[in-house]
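# Understanding the architecture of this molecule
What follows is each chain in one-letter form.
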Number of protein chains: 2
Amino acid sequence: MDKRKQILDAALKLFVEYGFHGTPTSLIAKEAGVANGTLFHYFATKDALVIALYVDIKSRMSAYLSEQVEVQKTFKDTIREQYIASVFWALENRLEYRFTEQFKTSPFFAQIAPKEIEESLKPYYDMLNRGISENLIKPQPVDLLFTLISSQTSGLNQYLLNHQFSKTKQHQVISDTFEMLWNMIT
Amino acid sequence: MDKRKQILDAALKLFVEYGFHGTPTSLIAKEAGVANGTLFHYFATKDALVIALYVDIKSRMSAYLSEQVEVQKTFKDTIREQYIASVFWALENRLEYRFTEQFKTSPFFAQIAPKEIEESLKPYYDMLNRGISENLIKPQPVDLLFTLISSQTSGLNQYLLNHQFSKTKQHQVISDTFEMLWNMIT
DNA sequence: TTACAGACTGACTAAACAGTCGGTAAAATT
DNA sequence: AATTTTACCGACTGTTTAGTCAGTCTGTAA
């Protein structure tokens, strides 16, 4: 019954299928089962809808991660938890994942304030800094480390999304690649 | 004087700035300094132009790589050469790199025949297979290894593209991250 | 029970768009 | 030299698009 949500859901599905500009607002409204005008009641412009969708997905992902991940006994275990949760999120939210991948390389991404990005990255940077100061991982710049870890995760996502593995096999690939990641940063 | 090339150049620049559908064909023609109709003389549709641009860039990149990279004394050296050349290509062809990143996550990418993708990947897969059979790298599936290496490269590109480092510093980051990559796959 | 606010509608419009077409000029083929 | 093919032009068009607007419906609270 939440029309705003319905619009966002429809937009997500269609954007992933046809691209941002390849999807007319009229089609989004139709798919969402609302009137054309309703879309513009909730979102001033189409661009605002795209941005709002990204922000919405990012916040849901953050919520998922902080819900799933608890600090573990060791640093390595904590990082592993993070890694696993990130990959699971992508597997369980394929459309959302593909949308964010598309968004991040698009010109829209420039409209996200650098400050907000930095803000959302801070906890990860802090954690990595802790790891460095305790000599648990390589003393490289944290933003480099973070970028490499993220890329690894997205590489793995790509791999898992392109194959249909059983849960067992999935787990095995995830833990194998985590060990590889760990070898990389230590 | 090559109008086809002018159109592709203009399209590249504008697509990176405004996105595929955010760029009207009329603007591409204007930027290229040709008539509107000329664009459609060379490319049947706008979609065809986007695809042609991707194919063109990919082939220029392949040419660059096979020109730069020669087989080295050791397996590790060969992989390092590949790694360095890939990163240099992205640094020297920033627009092209950003375009391909955008393209690969877009719905357009589905229009590239899987066979062609496989074809272009074959030499890399062969090389990795060789490394595995000689016990030089981890015995993981080659497509997984390749995806992880590619992701690493694109992570590094992102890092280097976001910072302005001196040539010396750039080299240092590249060789540091290559050692990390090597630790990952061995 | 009336007054008001905000959710919601869908027909509408002005602008933008991809692609066409009738034509010219130059190059290639005969 | 004649003919055909190709490169190129830019005004034009039918369609599609984002966004508007005048007004209806629904809930709430005075």
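Please refer to the structure higher up on the page.
The present account deals with the structure reproduced in this document. Predicted model, so just to flag it, every value in this text is computed and none were measured. (Residues numbered from 1 in each chain as written. Chains lettered and ligands numbered in written order. Predicted model: local features only at pLDDT ≥ 70, side-chain atom pairs only at ≥ 80, totals over all residues. Heavy atoms only, no water.)

## Concerning the protein's contact with DNA strand D
What surrounds DNA strand D is a group of 16 residues, the closest being Thr 25 and Lys 46 of chain A together with Lys 3, Thr 38 and Tyr 42 of chain B. Of all DNA strand D atoms lying within 4 Å of any protein atom, the proportion belonging to sugar or phosphate reaches 76%. Within the backbone of Ala 35 of chain B, a nitrogen or oxygen atom sits 3.1 Å from a phosphate oxygen of DNA strand D. Between DNA strand D and His 41 of chain B there is a distance of 3.1 Å, counted from a phosphate oxygen to a side-chain nitrogen or oxygen. Contributions of two or more residues to the surface near DNA strand D are made by helix H2 (25-32) and helix H3 (36-42) of chain A together with helix H3 (36-42) of chain B. Considering each element in turn, the surface near DNA strand D owes the most residues, five residues, to H3 of chain B. Here the residues of the surface near DNA strand D sort into five nonpolar, nine polar and two charged. (Near = heavy atom within 4 Å. Polar contact = N/O pair within 3.5 Å; in protein donor to acceptor, adjacent residues only side chain to side chain. Helix = DSSP H or I, 4+ residues; strand = E, 2+ residues; numbered from the N terminus. Nonpolar A, V, L, I, M, F, W, Y, C, P; charged D, E, K, R; others polar.)

## Thoughts on the side chain of Gln 170 of chain A
All names here are of chain A. Mapping Gln 170 onto the fold places it in helix H9 (residues 167-185). Relative accessible area serves as the criterion here: at 9%, Gln 170 is assigned to the buried category. Beyond its immediate stretch of four places on either side in the chain, Gln 170 contacts Leu 91, Leu 160 and Phe 165. (Buried < 20%, exposed > 50% of the residue type's maximum accessible area, 1.4 Å probe, protein only. Contact = heavy atoms within 4.5 Å.)

## Regarding the protein's contact with DNA strand C
Taken together, 15 residues lie near DNA strand C, and Ala 35, Thr 38 and Tyr 42 of chain A together with Thr 25 and Lys 46 of chain B sit nearest. In DNA strand C, atoms within 4 Å of the protein come from the sugar-phosphate backbone in 77% of cases. Between a phosphate oxygen of DNA strand C and a main-chain N or O atom of Thr 25 of chain B, the distance comes to 2.7 Å. Those elements giving two or more residues to the surface near DNA strand C turn out to be H3 of chain A together with H3 of chain B. Among the elements that make up the surface near DNA strand C, the one with the highest residue count is H3 of chain A (five residues). For the surface near DNA strand C, the per-class residue count stands at five nonpolar, eight polar and two charged.

## Regarding the packing of aromatic side chains
Working definition: an aromatic ring pair is given by the centre-to-centre distance plus the angle between the planes. All names here are of chain A. In this structure the tally under the stated criterion is 32 aromatic pairs over all chains. Judged by centre distance (5.7 Å) and plane angle (35 degrees), the ring pair of Tyr 124 and Phe 146 falls under tilted. In this pair, Tyr 124 sits in helix H7 (residues 114-133) while Phe 146 sits in helix H8 (residues 142-162), placing the two residues 22 residues apart along the sequence. Overall, Tyr 124 belongs to the partly exposed group, its relative accessible area being 25%. (Phe/Tyr/Trp six-rings, centres within 6.5 Å; stacked < 30°, edge-to-face > 60°.)

## Examining H2 of chain A
All names here are of chain A. All of the buried residues along H2 are Thr 25, Ile 28, Ala 29 and Ala 32. Viewed end-on, H2 has its buried residues packed into an arc of 95 degrees, placing them on one side of the element. Lining the buried residues of H2 we find helix H1 (3-18), H3 and helix H4 (46-68). Backbone geometry just downstream of H2 places Gly 33 in the positive-phi region, at approximately 70 degrees. (Arc of directions from axis to C-beta.)

## Some points on unusual backbone geometry
Its identity as a non-glycine residue notwithstanding, Asn 135 of chain A has a phi of 60 degrees, on the positive side. Checked against the element boundaries, Asn 135 of chain A lands in the loop between H7 and H8.

## Points about the interface of chain A and chain B
With 35 residues of chain A at the interface, the matching set in chain B holds 35 residues. Overall, the association of chain A and chain B removes approximately 2600 Å² of surface from exposure, summing both partners, and the carbon and sulfur fraction of that is 66%. For the pair chain A and chain B, the interface holds zero salt bridges. Our enumeration of links across chain A and chain B arrives at five residue pairs in polar contact (both at pLDDT 80 or more). Looking at the side of chain A that touches chain B, the elements with two or more residues in it are H1, helix H6 (94-104), H8 and H9 of chain A. Per element, the largest residue contribution to the side of chain A that touches chain B is 11 residues, and it comes from H8 of chain A. Its residues placed into classes, the side of chain A that touches chain B shows 15 nonpolar, 15 polar and five charged. (Buried area = accessible area lost by both parts, 1.4 Å probe. Salt bridge = Lys/Arg side-chain N within 4 Å of Asp/Glu carboxyl O.)

Function cannot be inferred from these measures alone, as they are strictly geometric.
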